[in-house]
2 protein chains.
Amino acid sequence: MVYRSAMKIGELSKTTGVSIDTIRYYEQRTLLPEAVRTQSGYRQYSGNDITRLKFIVQAKELGFTLKEISQLLGIQSSDCRDVKLIAESKALEMEGRIAKLSRMKEVLLELADKCGQSGNDDPCPILKSLEELT
Amino acid sequence: MVYRSAMKIGELSKTTGVSIDTIRYYEQRTLLPEAVRTQSGYRQYSGNDITRLKFIVQAKELGFTLKEISQLLGIQSSDCRDVKLIAESKALEMEGRIAKLSRMKEVLLELADKCGQSGNDDPCPILKSLEELT
DNA sequence: CTTGACTCTGGAGTATGCTTTATGGTTTAT
DNA sequence: ATAAACCATAAAGCATACTCCAGAGTCAAG
């Protein structure tokens, strides 16, 4: 895997699919570190920024807010004293989400099964199934 | 499990933890059906509404937008003809999320492990770990 | 050396998901 | 019967997360 170490914001945008404005916005929100600048003031990025930006995108897709992602990434900036604790608590949080998603998935599949079997004009049993979730 | 079949918006709010205003907002957004009214115009709710509202809360915590939740719940209002397909595709979507969350969790635990072992002043290896994610 | 693509900053605008405010009717307990 | 608590609508306001200008500098190609 070869990363050209220097690229401008447009290229970072293209390789990550994140818009230029959004990249600058993330910098403002400190999700990305302040970019190194060329003499003329252009932002310079590296492979690390690609990785970080892709991580942000993934986390967002999973429903984390920018604030939470900032926390997740903030782990890096800490001095490694309580990183272990933070990372473990975040992992637990994810486990909770996984459990909820699994239950929702089960409910939906059950529903699919029931609706597949029952006649087309029967009322769908979704609300009944949803009760199992709570 | 006994539900009193009739309750006003304040009680629904208390039992679900969702604010009165938000409940009305969800009705506006058609996440909740238009509530039956008393002669005086007060909204009347039942156990079904509790279930539905709790489902909405759960789905929101999992990062679904109101639009997506509307779709999930919309399954009910369809005539059971393609419910099976919709439910299955949603379940697949959740599986994808679960996979991503699992990977993020693994990365975080690895990170916790590494940071726990390494000296307190070493740089944290988070970015390296993040690469495994993408 | 100029055209066109790219970048900069600062600020305004937009969509989503509430939350608050203003104004007024209803219900209930004393 | 009246105060306190509850409910109604409509509209404005707010936080988050972008998204889109305006006005201006930078740079590579012909």
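The structure reproduced in this document is the subject of the present report. (Residues numbered from 1 in each chain as written. Chains lettered and ligands numbered in written order. Predicted model: local features only at pLDDT ≥ 70, side-chain atom pairs only at ≥ 80, totals over all residues. Heavy atoms only, no water.)

As a matter of local geometry, DNA strand D sits amid 19 residues, with Y26(A), Y42(A), R24(B), R37(B) and R43(B) nearest to it. S40(A) is positioned such that a nitrogen or oxygen atom in its side chain is 2.9 Å from a phosphate oxygen of DNA strand D. In this structure, a phosphate oxygen belonging to DNA strand D sits 2.7 Å away from a side-chain N or O atom of R24(B). Every element with two or more residues in the surface near DNA strand D is listed here: helix 2 (20–28) of chain A together with helix 1 (9–16) and helix 2 (20–28) of chain B. No other element matches the four residues that helix 2 of chain A contributes to the surface near DNA strand D. For the surface near DNA strand D, the per-class residue count stands at seven nonpolar, five polar and seven charged. (Near = heavy atom within 4 Å. Polar contact = N/O pair within 3.5 Å; in protein donor to acceptor, adjacent residues only side chain to side chain. Helix = DSSP H or I, 4+ residues; strand = E, 2+ residues; numbered from the N terminus. Nonpolar A, V, L, I, M, F, W, Y, C, P; charged D, E, K, R; others polar.)

Once that is clear, we can look at the packing of helix 1 (residues 9–16) of chain A against helix 2 of chain A. Packed helices, taken two at a time, are described by the angle their axes make and the gap between the axes. Residues and elements named next belong to chain A. For the pair helix 1 and helix 2, interaxial distance at closest approach is 9 Å and the crossing angle is 105°. In terms of orientation, helix 1 lies roughly perpendicular with respect to helix 2. Contacts from I9, G10, L12 and S13 of helix 1 reach helix 2 at I20, I23 and R24. Each residue belonging to the contact of helix 1 with helix 2 can be placed in one class, and the counts come to four nonpolar, two polar and one charged. (Axes fitted to C-alpha atoms, helices over the stretch in contact; angles between N-to-C directions. Parallel < 35°, antiparallel > 145°, perpendicular 65-115°, else oblique. Contact = heavy atoms within 4.5 Å.)

Next up on the list: unusual backbone geometry. One non-glycine residue, T30(A), adopts positive backbone phi at about 60°. In this structure, T30(A) sits in the loop between helix 2 and strand 1 (36–37).

Residues and elements named next belong to chain B. For S13, the position within the fold is in helix 1. Reaching out from S13, the side chain makes a polar contact with the backbone oxygen of V18 at a distance of 2.7 Å. If we ignore the near neighbours within four places in the chain, the residues touching S13 are V18, S19, I20 and I23.

The next thing to look at is the pattern of salt bridges. Here the structure, examined in full by the defined rule, presents six salt bridges over all chains. Of the charged contacts in the structure, one is a salt bridge between K105(B) and E95(A), with a shortest N-O distance of 2.5 Å. With K105(B) in helix 5 (residues 83–117) and E95(A) in helix 5 (residues 83–117), the pair connects residues from two separate chains. Look at K105(B) and you get buried, because its relative accessible area is 15%. Judged by relative accessible area, which is 38%, E95(A) ranks as partly exposed. (Salt bridge = Lys/Arg side-chain N within 4 Å of Asp/Glu carboxyl O. Buried < 20%, exposed > 50% of the residue type's maximum accessible area, 1.4 Å probe, protein only.)

For the rest of this paragraph, the subject is the protein's contact with DNA strand C. Neighbouring DNA strand C are 19 residues; G10(A), R24(A), D21(B), S40(B) and Y42(B) lie closest to it. If you look at DNA strand C and keep only atoms within 4 Å of the protein, 75% of those are sugar or phosphate atoms. Measuring from a phosphate oxygen of DNA strand C, one finds a backbone N or O atom of G10(A) at 2.7 Å. Here a phosphate oxygen of DNA strand C sits 2.9 Å away from a polar atom, N or O, in the side chain of R37(A). Counting residues per element, the ones that place at least two in the surface near DNA strand C are helix 1 and helix 2 of chain A together with helix 2 of chain B. With four residues, helix 2 of chain B is the single largest residue contributor to the surface near DNA strand C. A class-by-class count of the residues in the surface near DNA strand C yields seven nonpolar, five polar and seven charged.

This paragraph deals with the packing of helix 1 of chain B against helix 3 (residues 47–61) of chain B. All names here are of chain B. Between helix 1 and helix 3, the shortest axis-to-axis distance is 10 Å and the interhelical angle comes to 45°. Classified by the angle between their axes, helix 1 and helix 3 sit oblique to one another. At the point where helix 1 passes helix 3, the crossing takes the right-handed sense. From helix 1, L12, T15 and T16 reach across to helix 3, where they touch D49, I50, L53 and K54. Tallied by class, residues from the contact of helix 1 with helix 3 come to three nonpolar, two polar and two charged. (Left-handed = near helix turned anticlockwise from the far one by under 90°.)

For the rest of this paragraph, the subject is the environment of K90(B). As for its placement among the helices and strands, K90(B) is situated in helix 5. Looking at K90(B), the relative accessible area reads 7%, which means it is buried. With 19 residues separating them in the primary sequence, K90(B) and Q71(B) have C-alpha atoms 9.6 Å apart. Discounting residues that sit within four places of it in the chain, K90(B) has contacts with L108(A), Q71(B) and L72(B).

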